[in-house]
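So the chains spell out like this:
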Amino acid sequence: MSLTVVGSMAFDDIETPFGKSDKIVGGAATYIAWCASNFTPVNQISVVGGDFPAGELDALSARGVNLEGVQVKKDEKSFYWAGRYHMDMNTRDTLVTELNVLGTFQPVVPESYQDCEFLMLGNLAPSVQLSVIDQLRHKPKLIVIDTMNFWMDIALEDLKKVLAKVDVLLVNDSEARQLSGEYSLVKAAAVITRMGPRFLIIKKGEHGALLFHGNHVFFAPALPLEEVFDPTGAGDTFAGGFIGHLARTKDISFENMKTAIIVGSAMASFCVEKFGTQRLREISRPDIDERIRQFVELVNFDISLV
Ligand code: AMP
């Protein structure tokens, strides 16, 4: 089952209360690909500069990530992002954003990606996300989109155009409030789902995630971890686990999306344990299964109603 992923591949510089990463490889599509490739082959669409390490691309290829759609601009620099987390690790300041190759990115969908059945639009300019949808000759079975407040501030009209064409939107709680103008997340979900996406996932960091669809709501907790080392990429990893599971099982029912949210949450819990993509590179299928089992234990309870 083909999964196409669009998003940034980047250099990140991360500072947390626990340490500094220096310049490491990151980017939304990098996290999504490392995560989703545990479940299904990935067709990647992105852009990097000549400074992006060839070894990083080789490592992704070895994982079953097809890089035909990744443009390498030899004489330019890769996207660079630097951020610093506050003590609570839920909030961060962006210190530097250098768009470099991302500033002029015009994605080209290779012919071999045209059979795409699942499309993951990582956080990028809405016009770029829209261009990928428009290049596909057949509408995928499911389109999932991630976005952020930045695009709501500077490109709301473009964002609304792309939202009208997608099935699932992933945002955090403050972004859901900004996009809808409603404080209640239940009211926010009603407003947002009228904009296009039939399913809405609201991420609440260490407090888990909510899935809305019509009158149905599902809640998945985040695994209580002793230590969150670096939350960068947790949202992208969640997205990769969510769509990876759906692509592997080929089932886009609400029931299966509940499982997909648990898979996404389990994968995100690995991501935050080390800097960058390091932990995602180390884990194998048995580690993932054990983590999912811990989730089942966390939320499973017997109750008899009299
Ligand atoms: P997350 O922690 O899930 O929000 O994602 C963090 C990743 O997003 C980092 O690896 C950054 O390289 C990437 N990123 C940050 N800002 C942007 C942006 N404006 N466009 C695309 N990717 C970005």
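Sequence positions are assigned chain by chain, starting from 1 and proceeding in written order. Only residues with pLDDT of at least 70 are given local features in this predicted model, and only at 80 or more are side-chain atom pairs given and counted; all residues enter the totals for whole chains, interfaces and linings. To obtain the side-chain values, all non-hydrogen atoms of the structure were used and water was disregarded.

## Observations regarding the pattern of salt bridges
Okay, step 1: A side-chain nitrogen of Lys or Arg and a carboxyl oxygen of Asp or Glu constitute a salt bridge if their distance falls within 4 Å. On inspection of all chains with the given rule, the structure shows 18 salt bridges.
Okay, step 2: Ionic pairing is found between aspartate 173 and lysine 204, a salt bridge with its closest N-O pair at 4.0 Å. Taken together, the residues span a long stretch of sequence, with aspartate 173 in helix H6 (residues 173-180) and lysine 204 in the loop between strand E11 (199-203) and strand E12 (209-213) at a distance of 31 residues.
Okay, step 3: Between arginine 293 and glutamate 290 there is a salt bridge; the shortest N-O distance is 2.8 Å. A residue pair is termed a helical-turn pair when its members lie 3 or 4 positions apart in one helix, as arginine 293 and glutamate 290 do in helix H11 (residues 285-299) at three residues. Only DSSP runs of H or I with at least four residues qualify as helices, and only runs of E with at least two residues qualify as strands; both kinds are numbered from the N terminus onward.

## Let's talk about the nonpolar core
Okay, step 1: Among the buried residues, those of types Ala, Val, Leu, Ile, Met, Phe, Trp, Tyr and Cys that are joined through side-chain atoms within 4.5 Å form a nonpolar core. Only protein chains enter the area calculation, which uses a 1.4 Å probe; residues under 20% of their type maximum are buried, those over 50% are exposed, and those in between are partly exposed. By size, the foremost hydrophobic cluster in this structure holds 60 residues, and its most contacted members are Leu3, Met120, Ile201 and Phe242.
Okay, step 2: Residue contributions to this core peak at 11 residues, all from helix H9 (residues 254-271).
Okay, step 3: Contact definition: two residues touch when any of their heavy atoms are within 4.5 Å. Apart from the residues within four sequence positions on either side, methionine 120 is in contact with Leu3, Thr4, Val5, Val6, Ile32, Val144, Ile145, Asp146, Leu170, Ala239 and Ile243.
Okay, step 4: Core analysis: the second largest hydrophobic core is formed by 42 residues, Tyr85, Val109, Leu119 and Leu169 among them.

## Structural notes on helix H1 (residues 28-36)
Owing to its 3.6 residues per turn, the α-helix aligns residues three or four sequence positions apart on the same side.
Okay, step 1: H1 sits mainly inside the fold: nine of its nine residues count as buried.
Okay, step 2: Turning to H1, its buried residues are Ala28, Ala29, Thr30, Tyr31, Ile32, Ala33, Trp34, Cys35 and Ala36.

## A closer look at the sheet that holds strand E3 (residues 19-26)
Okay, step 1: When DSSP finds two or more bridges between a pair of strands, those strands are recorded as paired. Spatial strand order, E3-E2-E6-E7: four strands in an open sheet with mixed pairing. The open sheet terminates on both sides in strands that have one partner only, identified here as E3 and strand E7 (92-98). The mean angle between the axes of side-by-side strands here comes to 15°, regardless of whether they run parallel or antiparallel.
Okay, step 2: Pairing analysis gives six bridges linking strand E2 (residues 10-16) to E3, with the strands arranged antiparallel. Across the sheet, the residue bridging to aspartate 13 is lysine 23, located in E3. Simply put, an axis is a line fit to the C-alpha atoms, just over the touching stretch for a helix, and the angle between two N-to-C directions goes from 0 to 180 degrees.

## Some thoughts on the pairing of strand E4 (residues 42-49)
Okay, step 1: Of all eight residues in E4, eight are buried, a share of seventy percent or more.
Okay, step 2: Here strand E1 (residues 3-6) runs beside E4; their pairing, made up of four bridges, is parallel. By the bridge assignment, leucine 3 is partnered in E4 with valine 42.
Okay, step 3: The pairing of E4 with strand E5 (residues 65-73) spans seven bridges and is parallel. Within the sheet, the bridge partner assigned to asparagine 43 lies in E5 and is asparagine 66.
Okay, step 4: Of the crossover connections in this fold, the one passing from E4 over helix H2 (residues 54-62) to the parallel E5 is right-handed. For crossovers, right-handed means that the path from the first strand over the helix to the second runs clockwise, given strands pointing away from the viewer.

## Notes on the site of the ligand
Okay, step 1: Residue proximity to a molecule or strand is established when one non-hydrogen atom of the residue lies within 4 Å of it. For the ligand, the set of nearby residues contains 15 residues, the closest of which are Ser8, Asp12, Gly27, Gly233 and Asp236.
Okay, step 2: N or O atoms within 3.5 Å of each other form a polar contact, as long as, within protein, one can give a hydrogen and the other can take it, and as long as residues adjacent in sequence are counted only when both atoms are side-chain atoms. Here glycine 27 contributes a backbone N or O atom positioned 2.7 Å from an oxygen atom of the ligand.
Okay, step 3: Between the ligand and glycine 235 there is a distance of 3.5 Å, counted from an oxygen atom to a backbone nitrogen or oxygen.
Okay, step 4: Coverage of the ligand by the protein amounts to 89% of the 510 Å² it exposes when considered alone.
Okay, step 5: Breaking the shell around the ligand down by element, the ones donating at least two residues are E2, strand E6 (79-85) and helix H8 (234-249).
Okay, step 6: Gly counts as polar in this scheme, as do all residues outside two lists: the nonpolar Ala, Val, Leu, Ile, Met, Phe, Trp, Tyr, Cys and Pro, and the charged Asp, Glu, Lys and Arg. The class makeup of the residues in the shell around the ligand is five nonpolar, seven polar and three charged. Areas reported here follow the Shrake-Rupley algorithm with a probe of radius 1.4 Å; residue values treat only the protein chains shown as occluding.

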